Amino acid sequence: MSQESTVPAEVVETAEIPEPGAVTIVVPTFNESANVRQLLHQITEAVPARLPCEVVFVDDSTDDTPEAIEKAAQDCPFPVTVLHRDEPVGGLGGAVVEGLKAATSDWIVVMDGDCQHPPSLVPDLVATGERANAGLVVASRYIKGGSRAGLAGSYRVAVSRGATWLTKALFPRRLHGISDPMSGFFAIRRSAVTAEVLQPLGYKILLELAVRSRPRRVTEVPFVFQDRFAGKSKSTAQEGLRFLRHLAGLRAASPVARMVGFGLIGLTGFLPNLLGLWALTAVGMHYVPAEILANQLGVAWNFLLIEHLLFRERRRHRRWWDRAGRFALLANADLVLRIPLIALFVQQLHLGVLSATALALVTTFVLRFVATEALVYLPRRAGEKPARDGRTARRAV
């Protein structure tokens, strides 16, 4: 919600608002060749000459979008740059991060390339940020004066509302004061961006920014979500699954949350373990080797979930076979360690068998969690460079 001012309204309207040095408009695109000419035309009409502007397209397209941008840019009075990525790491959110890193202006405005975000609001976003001394200005569909009219169909409206409710429920403190965390239209000061800590997955980059590196002061302006100018929406069931994975990764950012998630995933591993044990004994295998083999199914299940839900951003530190081998070794060592621990607790602490078993389970769980973080997912050495995210070709047009 916008910051309230103690200055009378009539004074605010006539007061001199400091002009920023310039604004960089970052537009992530994926097969938007039919929209880019119209978008650049709208930006040309909307951004006043007193506000120096550049547009940076970060393109993951498989069609002729870069060529369409080059042709449309010939009529623009401001610089236009295309960063084409060979590998679309992180989806549209990853494209925005590339644009944030490339921006050189005081303010960065992020918007979609399908003309559903009105460029006429760009000056208002920047002016509101200057007036409120904010680090982040969100264009919101859910405050007075805003509308989600451009969402096609009741299904997309329901999905958008449900995703907004879910994110605000999971991150009530980080998203306080942001009514539309699913918005893809916002302005942020370049000094408030910490691109190195961002780990985007999919297209909800505002959520990533707000949770991992939210500026202290945030304000909002209303906007009306427009109809798509051309083409089809990129929102798919696959993008929905990526969004849920992204939520899980963000929620697991703290050690306590990761430990809870680690335990819950471990509990789900009993299901493939029991199913494997039943299948192997049903074909006549002795229960001891059957239990050893079935336990590996549970280990594999746990590894896959932990990889994608808890430690996605740390996978680059080791190769997958190295991580898998270390994880399996730790998981099986848990079985070997548990029996001596039970005997120790019974003999030295004089606990009953059930109490000793419960204490041993808790002890080995904590040890396995700490060992998994330290031996599987932490870098080999301090200052290790992250894995290369693929090539990005920069072209000024």
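Scroll up to find the structure.
The rules behind each value
Residues numbered from 1 in each chain as written. Predicted model: local features only at pLDDT ≥ 70, side-chain atom pairs only at ≥ 80, totals over all residues. Heavy atoms only, no water. Buried < 20%, exposed > 50% of the residue type's maximum accessible area, 1.4 Å probe, protein only. Helix = DSSP H or I, 4+ residues; strand = E, 2+ residues; numbered from the N terminus. Axes fitted to C-alpha atoms, helices over the stretch in contact; angles between N-to-C directions. Parallel < 35°, antiparallel > 145°, perpendicular 65-115°, else oblique. Contact = heavy atoms within 4.5 Å. Nonpolar A, V, L, I, M, F, W, Y, C, P; charged D, E, K, R; others polar. Core = buried A, V, L, I, M, F, W, Y, C linked by side-chain atoms within 4.5 Å. Salt bridge = Lys/Arg side-chain N within 4 Å of Asp/Glu carboxyl O.

K.L.:
Describe helix α5 (residues 122–132), naming the residues involved and giving the relevant values.
P.N.:
Of all the 11 residues making up α5, eight are buried; the element is thus mostly covered by neighbouring parts of the structure. Looking at α5, one finds that the buried residues are Val-122, Pro-123, Leu-125, Val-126, Thr-128, Gly-129, Glu-130 and Ala-132. Positioned one or two residues after α5, Asn-133 has a phi angle of 55°, which is positive.

K.L.:
Requested: an account of the packing of helix α9 (residues 255–268) against helix α10 (residues 270–282), with residues and values cited.
P.N.:
It is at 4 Å that the axes of α9 and α10 come closest, and there the two elements cross at 20°. Considered as vectors, α9 and α10 are oriented roughly parallel to each other. Residues Gly-266, Leu-267 and Thr-268 of α9 pack against Phe-270, Leu-271 and Pro-272 of α10. Residues of the contact of α9 with α10, tallied by class, amount to four nonpolar, two polar and no charged.

K.L.:
Any details on the nonpolar core? Residues and values, ideally.
P.N.:
Judged by nonpolar contacts, the single largest core of 37 residues is most densely connected at Ile-25, Val-55, Phe-57, Val-80, Val-109 and Leu-125. Listed by contribution, the elements that provide at least two residues to this core are β1 (23–29), α2 (36–46), β2 (53–59), α3 (65–73), β3 (80–85), β4 (107–110), α5 and β5 (136–140). In this structure Val-55 touches Ile-25, Val-27, Leu-40, Ile-43, Phe-78, Pro-79, Val-80 and Thr-81, once residues within four positions along its chain are discounted. Judged by nonpolar contacts, the second largest core, of 35 residues, contains Val-96, Ile-108, Ile-178 and Leu-209.

K.L.:
Describe unusual backbone geometry, listing the residues and the values that go with them.
P.N.:
Located in the positive-phi region is Asn-31, a residue other than glycine, with phi close to 55°. With respect to the helices, strands and loops of the structure, Asn-31 is situated in the loop between β1 and α2. For Asn-31, a relative accessible area of 27% corresponds to the partly exposed category. Non-glycine residue His-350 carries a positive phi angle of around 60°. You can call His-350 exposed: its relative accessible area is 66%.

K.L.:
I'd love a proper account of the side chain of Asn-302, names of residues and values included.
P.N.:
If you trace the backbone, Asn-302 turns up in helix α11 (residues 287–309). On the accessibility criterion, Asn-302 (10% relative accessible area) is buried. With near-sequence residues (within four places) excluded, Asn-302 lies in contact with Ile-265, Gly-266, Thr-268, Gly-269 and Phe-327.

K.L.:
Any details on the pattern of salt bridges? Residues and values, ideally.
P.N.:
Summed over the entire model, instances satisfying the criterion amount to eight salt bridges. Where Asp-60 meets Arg-85, a salt bridge forms, and the shortest distance between an N and an O atom there is 2.8 Å. Note that Asp-60 is positioned in the loop between β2 and α3 and Arg-85 in strand β3, a separation of 25 residues in sequence. The burial state of Asp-60 is the same as that of Arg-85; both residues are buried. A salt bridge links Arg-141 to Asp-180; the shortest N-O distance between them is 2.8 Å. One end of the pair, Arg-141, is in the loop between β5 and α6 (153–170); the other, Asp-180, is in the loop between α6 and β6 (186–189), and 39 residues separate them in sequence. Using a relative accessible area of 8% as the deciding quantity, one classes Arg-141 as buried. Under the relative-accessibility criterion, Asp-180 is labelled buried at 0%. Counted as one network, the salt bridges with shared partners bring together Arg-318, Asp-322 and Arg-326.

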